[in-house]
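Given next are the chains, with one letter for each unit.
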Amino acid sequence: MSDKVYDVPAAWAHKAYVDDAKYKAMYEASVKDPNAFWAEHGKRIDWFHPFTKVKNTSYDPGHVSIKWFEDGITNVAYNCVDRHLAERGDQVAIIWEGDDPSESKKITYRELSAEVNKFANVLRNRGVEKGDRVTIYLPMIPEAAYAMLACARLGAVHSVVFGGFSPDSLSGRVADCASKCIITADEGLRGGRKVPLKANVDAAINLLPPDSVDHVVVVRRTGAAVDMTPGRDVYYDEAAALVTDECPAEHMNAEDPLFILYTSGSTGKPKGVLHTTGGYLVYASMTHQYVFDYHPGEIYWCTADVGWVTGHSYILYGPLANGATTLMFEGVPNYPSVSRFWEVIDKHQVNIFYTAPTAIRSLMQAGEEPVKKTSRSSLRLLGSVGEPINPEAWEWYHRVVGDNRCPIVDTWWQTETGGILITPLPGAIKLKPGSATLPFFGVVPEVVDAEGKVLSGACEGNLVIADSWPGQMRTVYGDHERFEQTYFSTYPGKYFTGDGCRRDADGYYWITGRVDDVINVSGHRMGTAEVESALVAHPKVSEAAVVGFPHDIKGQGIYAYVTLMAGEEPTEALRKELVAWVRKEIGPIASPDLIQFAPGLPKTRSGKIMRRILRKIAEDQFESLGDTSTLADPGVVDDLISNRQNKR
Ligand code: PRX
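Parameters at a glance
- Residues numbered from 1 in each chain as written.
- Predicted model: local features only at pLDDT ≥ 70, side-chain atom pairs only at ≥ 80, totals over all residues.
- UniProt positions renumbered as here; feature names shortened; annotations may be inferred.
- Helix = DSSP H or I, 4+ residues; strand = E, 2+ residues; numbered from the N terminus.
- Rg over C-alpha atoms; globule rule 2.2 N^0.38 Å.
- Buried ≥ 20, exposed ≤ 12 C-beta atoms within 10 Å, placed from the backbone.
- Contact = placed C-beta atoms within 7 Å.
- Domains from an automatic or database assignment.
- Pairing = 2+ DSSP bridges.
- Axes fitted to C-alpha atoms, helices over the stretch in contact; angles between N-to-C directions.
- Near = placed C-beta within 6 Å.
- Nonpolar A, V, L, I, M, F, W, Y, C, P; charged D, E, K, R; others polar.
- Arc of directions from axis to C-beta.
- Core = buried A, V, L, I, M, F, W, Y, C linked by C-beta atoms within 7 Å.
- Right-handed = clockwise from strand over helix to strand, strands pointing away.

The name an unreviewed UniProt entry gives the chain is Acetyl-coenzyme A synthetase, with Xanthobacter tagetidis as the organism. According to UniProt, the comment filed for the chain under the heading Sequence similarities (unreviewed entry) is "Belongs to the ATP-dependent AMP-binding enzyme family." As its UniProt record puts it under Cofactor (unreviewed entry), the chain is described as follows: "Mg(2+)".

Talk me through the overall build of the chain; I want residue IDs and the actual numbers.
For the chain, the count of helices and strands is 21 helices and 30 strands. Against the 2.2 N^0.38 benchmark of 26 Å for 648 residues, the chain shows a C-alpha radius of gyration of 24 Å, consistent with a compact globule. Principal-axis analysis of the C-alpha atoms gives the chain an extent of 75 × 65 × 55 Å. Expressed as a percentage of its 648 residues, the buried residues of the chain come to 54%. Residue pairs in contact within the chain that sit at least 24 positions apart in sequence constitute 70% of those at least 6 positions apart.

Go over the domain arrangement of the chain, please, and point to the residues and values.
For the chain, the domain assignment lists domain 1 (10–84 + 91–435 + 452–502) and domain 2 (522–643). Taking only C-alpha atoms into account, the centre of domain 1 sits 32 Å from that of domain 2. The partner domain 2 presents 17 residues to the 18 residues of domain 1 that form the contact. In terms of residues, the side of domain 1 that touches domain 2 owes the most to one element, helix α14 (residues 357–364), which gives four residues.

Describe in detail the sheet that holds strand β21 (residues 445–448), supporting the description with residues and values.
One open sheet accounts for four strands, arranged β21-β22-β24-β25; its pairing is antiparallel. Edge positions in the open sheet fall to β21 and β25 (509–514), since each of these has one partner strand only. The sheet shows a mean angle of 45 degrees between the axes of neighbouring strands, direction not considered. Looking at chain direction, strand β24 (residues 495–503) and β25 are connected through five bridges and run antiparallel. By the bridge assignment, C501 is partnered in β25 with I511.

How would you explain the site of the ligand if you had to name every residue and give the values?
Surrounding the ligand, one finds 22 residues, the nearest of these being P388, Q414, T415, I511 and R525. Where the shell around the ligand is concerned, the elements lending two or more residues are α12 (309–321), β20 (408–411), β24 and β25. Tallied by class, residues from the shell around the ligand come to seven nonpolar, ten polar and five charged.

Just give me the short version of the UniProt feature "domain: Acetyl-coenzyme A synthetase N-terminal" (unreviewed entry) in the chain, but keep the residues and values in it.
Per the UniProt entry, the sites bearing "domain: Acetyl-coenzyme A synthetase N-terminal" (unreviewed entry) are residues 23–80 in this numbering. Secondary structure content for residues 23–80 is 40% helix and 17% strand, and the end C-alpha separation is 27 Å.

Go over helix α9 (residues 197–206) with me, naming the residues and quoting the values.
Among the residues of α9, those classed as buried are L197, K198, N200, V201, A204 and I205. Each buried residue of α9 sits inside an arc of 155 degrees when the element is viewed along its axis, so together they form one side. Looking at the buried residues of α9, the elements they touch are β6 (133–137), α8 (167–176), β8 (181–185), β9 (188–190), β10 (193–195) and β11 (215–219).

So what about the nonpolar core? Which residues, and what values?
Taken as a class, soluble globular proteins show a tendency for nonpolar side chains to be buried jointly. Core analysis: the biggest nonpolar cluster contains 170 residues, and L123, A147, M148, L149 and A150 have the highest contact counts within it. Sorting elements by how many residues they give to this core places helix α7 (residues 142–154) first, with ten residues. Non-local contacts of L149, meaning those with residues more than four positions away in its chain, are made with A77, C80, V81 and V116. Counting 35 residues, the second largest nonpolar core, distinct from the first, contains I558, A560, V582 and I595.

Help me get a handle on the UniProt feature "binding site: Mg(2+)" (unreviewed entry) in the chain, residues and values and all.
Taking the UniProt record as the reference, the feature "binding site: Mg(2+)" (unreviewed entry) is found at V536, H538 and V541. Mapped onto the elements, H538 comes out in the loop between α18 (528–536) and β28 (541–551). Overall, H538 belongs to the partly exposed group, with 18 C-beta atoms counted inside 10 Å. When residues no more than four places from it in sequence are discounted, the contact partners of H538 are L578 and W581. By the secondary structure assignment, V541 is in strand β28.

Outline the pairing of strand β26 (residues 518–521), listing residues and values.
Here β26 shows two buried faces, one formed by V518 and N520 and the other by I519 and V521. Bridge analysis of β26 against strand β27 (residues 524–527) gives four bridges, and the strand direction is antiparallel. What sits directly across from V521, in β27, is H524. The turn linking β26 back onto β27 is made up of two residues, and S522 within it adopts a positive phi angle of 55 degrees.

So what about the pairing of strand β29 (residues 555–564)? Which residues, and what values?
Of all ten residues in β29, ten are buried; the element is thus mostly enclosed. Relative to β29, β28 runs antiparallel, the two sharing ten bridges. Note on β29: the bridge partner recorded for A545 is Y561. Between β28 and β29, which pair antiparallel in sequence order, lie three residues. Bridge analysis of β29 against strand β30 (residues 594–597) gives four bridges, and the strand direction is parallel. Residue pairing across strands places Y561 opposite Q596, the latter belonging to β30. As for the winding sense of the linkage, the β-α-β connection from β29 through helix α19 (residues 572–585) to β30 is right-handed.

See below:
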């Protein structure tokens, strides 16, 4: 923890939408009378029929129900595109920067409108209607934005699956929401390497019952020859040549679903987080404006992938609803060189830059020179998201990247929250490196102890949110009971975030990381149970337990304890085979960093694996293993310690 405080620069306090006094007044108003507050701010988007009801939410056990603006009628694509045409039709909506620095493209709002309408017509011609689910498995190309907005225009529910997921993971997600249509590309391109997206889609469909998927729309990215199944697969450009660029925006109820996004939890398969239309857009656009202090004409760049919630809310929906210019980057931070981010900032004169701590830490390793050789004079604000940012990385980001000039907004939120919940507002809130600081308007964080007692003042415990905000997820797709169980049963009457947190004497929140069996690897959320079930699916593995361990670059690495079937030899070759196996089963982001072959795992007499002990061993904290007397065989612990794998 750092005790340094960075004051709000004077220029910021004057120019920003919100200064200290205004933050306090607005926050106060938002929690005192949420109905009045959100009735006013709900008007920031256009409604075909205005809402008359604002907040109708209950966290009561057994009756959790979340509705905002429930009788309003609108359309998200209309708000992100059409409503800007009169005033800013010729303004750039999306700057696309390709993987190869020689490739980039600017798309105006007028062009975006034509593209989205065409894409919507292509989908409509394939029978996609309001309420249908469409899976999008695309690289970071403009068509990803067109496809998402096209779904929103038709009232279809998109489920974007990150291009780094395996065919297995993809098929599970297609099956869970019964998507009849998949949108993909021939290949993706990242860091000069090709990703066989269409081949992955074919492999995923092969894992499903016959006739599960009716249509595959293939965008040509690299032009590679791919297998096309007649009657099912169509090239996007060929289909788009046959349609007009006019497609009416469906009238959607505020509570109609907008998208599903699968995310990992402590147990079981990834769950489909469901977000709806009105509240989500109001919240994404409002946070985008205030947190990034976005002013018209500015160039804004969020480096996330649209496969994650950050890409949904802060590359696409928030910025476009605000009529912003948003940059979409296909590549990676270190290709062709570690100066890439900073070169893109200069090339497109980026004013606001939003990235993840893992990227900052890895670029930090390359030293200051690759940053300093670029100008970055256009920058005025920096952002961080996805995991706790350690004070060293924060300071480097501030001093080297931002030349001590740009405030950093460390934004805490989750797939489930739809938008940012705890964050500084740059003109209002003093910064402390490593703290996400204070709640956004309408957000009521509380810190509770293990029994659910609400702690006051400076304290440490688990982070819950006491009341609803418009961007909150509404349910787990197809499983409302799991929604209640996962988020509202640990501390009845409150939304449990799964995060631990400290609050200091100034009321600042310091997120300490997950307190459940979720780990955060390079800002990617991973359920340890998912990696375990991939490992035990290998014929030579009898049992596996997976925990996180501190990793200099990734934040957390994946540490797997593996017990082999009787008679199997624990060889280096098998270790490599298991890493490759998990990559194939889930995707590269789930590759274990360390695998320890363990003849036995520490279990209670009732057979439950004591993960606490495994975590401590992986963290090198042999002295604080705690009570091991309840173990069925305390001897296994000595073996685990003496064979602990070294960190890379
Ligand atoms: O543990 C918190 C961490 O990321 C989790 C949410 O992951 P995901 O749903 O994938 O969304 C990531 C992007 C919003 C949280 O439970 N997390 C996210 N942002 C921060 C963070 N931890 C600390 N500080 C943050 N700023």
